[in-house]
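Observations on the model geometry
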Amino acid sequence: MEEKRPFGDYIRRKRQEAGLTQRELAARLFVTESSVSKWERGLSYPDVPIITSICKELGISEHEFFTACDDDKAHAQERAAAVWHGLTKTFRVICLVGYAVALVTCFICDLAIFHALDWFWIVLTALALAFCFTNLPAYVKEERIAVCLGAATACLLLLLLSCWFYVGGKWILAGLGITAVSLALPWGWWAIWRFYGKHVLTLCVALTTVWVFPLLAVIRVFAGGGEAWLLPLAYPLALVGGVFLWGYYLALRLPKSPLLKTGLCVLLSALATPTFNALCDVLLGEGYASVPFLQYFSVPAMAARLRAGDPDWVNILITLILAAAGIALTVIGGVAERRRRKETM
């Protein structure tokens, strides 16, 4: 009986919190009032078939029933999930109301002022594109990513056609071409995740690295220009950008402490601007003058440019702050990782 007492006390407390009398609870469970009384006095346990019904009436989980105590962690997670669900639902409602107000207003204005529906189609397709990201995912239950991405693709193409319908011009071919190549990246990510499923992040980084080059080529075809900037300038810069992308990826993939990963990423960020500017100096020659690479990491150089009124002192200051923060985080993270290894040995 002593073992049953905590269970009985728990059942009594949860019944009282639910605002039920022993008779009311018994009626809902189709048992006698004396049965409920015996449970609460620790004289007997409920039969197994009605455990689920008891949990439902008392608002507890089966885990709480068998342990005779509240699962505070689970309840906290449920409350957090309920709050998040409420926020997202409110956000979607606000978006829908905003879309409706904007759509009706633009429809009336276009007809009243211009006596035709022309730029209204731009607004309509733009709002439809926004809807694909804000509201549509909540209504799609299966193949959510593919459906939302497909709808967004269609809306984006319709938006381009609407703009062309309103302003005209031959730019539509360039717009469609560049958009098609741009859309190849998210669709490629989805295909890797959906059909391959292995090494997804690595393959997505690889695809992103390669994708930049055909995108630049398509831009070059449609943008034209007297200078041949693709091979001597754009591709080398894209190649260095790919190196930095892989650097971030490898830093984040290291089985090290979070501080060490963060420090390495911050160091890479500190090196980005000096590296790209130095590369532009080499590629463009005398026609381009930027801060020399080493001066980005020199306090005297920053002070001299500040006194001279050169705005580049801000870039040097940002680089110095990033470099100092990156070194500090890397050292702290490295020490923490070394201690962790010693403790696990």
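Everything that follows concerns the structure shown earlier in this document.
Our subject in this report is the structure included herewith. (Residues numbered from 1 in each chain as written. Predicted model: local features only at pLDDT ≥ 70, side-chain atom pairs only at ≥ 80, totals over all residues. Heavy atoms only, no water.)

1. Observations regarding the packing of aromatic side chains
The final tally for this structure, using the stated rule, is 13 aromatic pairs. Plain terms: the ring middles of F65 and F66 are 5.2 Å apart, the flat faces sit at 90 degrees to each other, and that makes the pair edge-to-face. Overall, the relative accessible area of 4% leaves F65 in the buried class. With centroids separated by 5.0 Å and ring planes inclined at 70 degrees, the aromatic side chains of F213 and Y235 adopt a geometry described as edge-to-face. Of the two residues, F213 is situated in helix α11 (residues 200-223) and Y235 in helix α12 (residues 230-253); the sequence distance between them amounts to 22 residues. Through pairs of rings, three or more aromatic residues link up here, namely F7, Y45, F65 and F66. Against the face of F195 rests R194, its NZ or CZ located 5.6 Å from the ring centre. (Phe/Tyr/Trp six-rings, centres within 6.5 Å; stacked < 30°, edge-to-face > 60°. Buried < 20%, exposed > 50% of the residue type's maximum accessible area, 1.4 Å probe, protein only. Helix = DSSP H or I, 4+ residues; strand = E, 2+ residues; numbered from the N terminus. Lys NZ or Arg CZ within 6 Å of the ring centre and 35° of its normal.)

2. Description of the packing of helix α10 (residues 171-196) against α11
Describing two packed helices takes the angle between their axes plus the distance from one axis to the other. Packing of α10 against α11 leaves a shortest axis separation of 10 Å and a crossing angle of 170 degrees. When the axes of α10 and α11 are compared, the pair comes out roughly antiparallel. Residues L173, A174, G177, I178, V181, S182, L185, G188, W189, I192, W193 and Y196 of α10 pack against V200, L203, C204, L207, T208, W211, P214, L215, V218, I219 and F222 of α11. When the residues that make up the contact of α10 with α11 are grouped by side-chain class, the tally is 19 nonpolar, four polar and no charged. (Axes fitted to C-alpha atoms, helices over the stretch in contact; angles between N-to-C directions. Parallel < 35°, antiparallel > 145°, perpendicular 65-115°, else oblique. Contact = heavy atoms within 4.5 Å. Nonpolar A, V, L, I, M, F, W, Y, C, P; charged D, E, K, R; others polar.)

3. Things to note about helix α9 (residues 144-167)
If you check α9, its first and last C-alpha atoms are 34 Å apart, about what 24 residues at 1.5 Å a residue would give, namely 34 Å. When α9 is considered as a whole, its buried residues turn out to be A146, C148, L149, A152, T153, C155, L159, L160 and S162. One or two residues past the end of α9 sits G168, with phi positive at roughly 70 degrees. (Expected span 1.5 Å × (residues − 1).)

4. Some remarks on the side chain of T208
With respect to the helices and strands, T208 occurs in helix α11. According to the relative accessible area criterion, T208 is buried, its value standing at 17%.

5. Quick look at a nonpolar patch on the surface
Together, W121, L158, L161, W164, F165, Y166, V167 and W171 make up an exposed nonpolar region whose accessible area comes to about 800 Å². Tallying contributions element by element places α9 first for the nonpolar patch, with six residues. The class for V167 is exposed, based on a relative accessible area of 54%. (Patch = residues over 30% accessible without salt bridge, like charges linked within 9 Å, V, L, I, M, F, W, Y side chains within 5 Å. Areas by Shrake-Rupley, 256 points an atom, 1.4 Å probe, with all protein chains shown as cover. Salt bridge = Lys/Arg side-chain N within 4 Å of Asp/Glu carboxyl O.)

6. Concerning the packing of helix α13 (residues 258-284) against helix α15 (residues 312-344)
At their nearest, the axes of α13 and α15 sit 7 Å apart, and the two run at 155 degrees to each other. Between α13 and α15, the angle is such that the two are roughly antiparallel. The handedness of the crossing between α13 and α15 is left-handed. Note on element contacts: α15 touches α13 through T319, L322, A323, A325, G326, I327, L329, T330, I332, G333 and G334, opposite L259, L260, T262, G263, L264, V266, L267, S269, A270 and P274. (Left-handed = near helix turned anticlockwise from the far one by under 90°.)

7. Describing the pattern of salt bridges
Taken as a whole, this structure holds nine salt bridges when the rule is applied. With its nearest N and O atoms 2.4 Å apart, the salt bridge here joins E40 to R15. Of this pair, E40 sits in helix α3 (residues 33-41) while R15 sits in helix α1 (residues 5-17), and the two are 25 residues apart along the sequence. Pair check on accessibility: E40 and R15 agree, each one buried. A salt bridge links E33 to R23; its shortest N-O distance comes to 3.3 Å. Within this pair, whereas E33 is found in helix α3, its partner R23 is found in helix α2 (residues 22-29), the two being separated by ten residues in sequence. Overall, R23 belongs to the exposed group, its relative accessible area being 59%. The network of salt bridges with shared partners includes D9, R12, R15 and E40.

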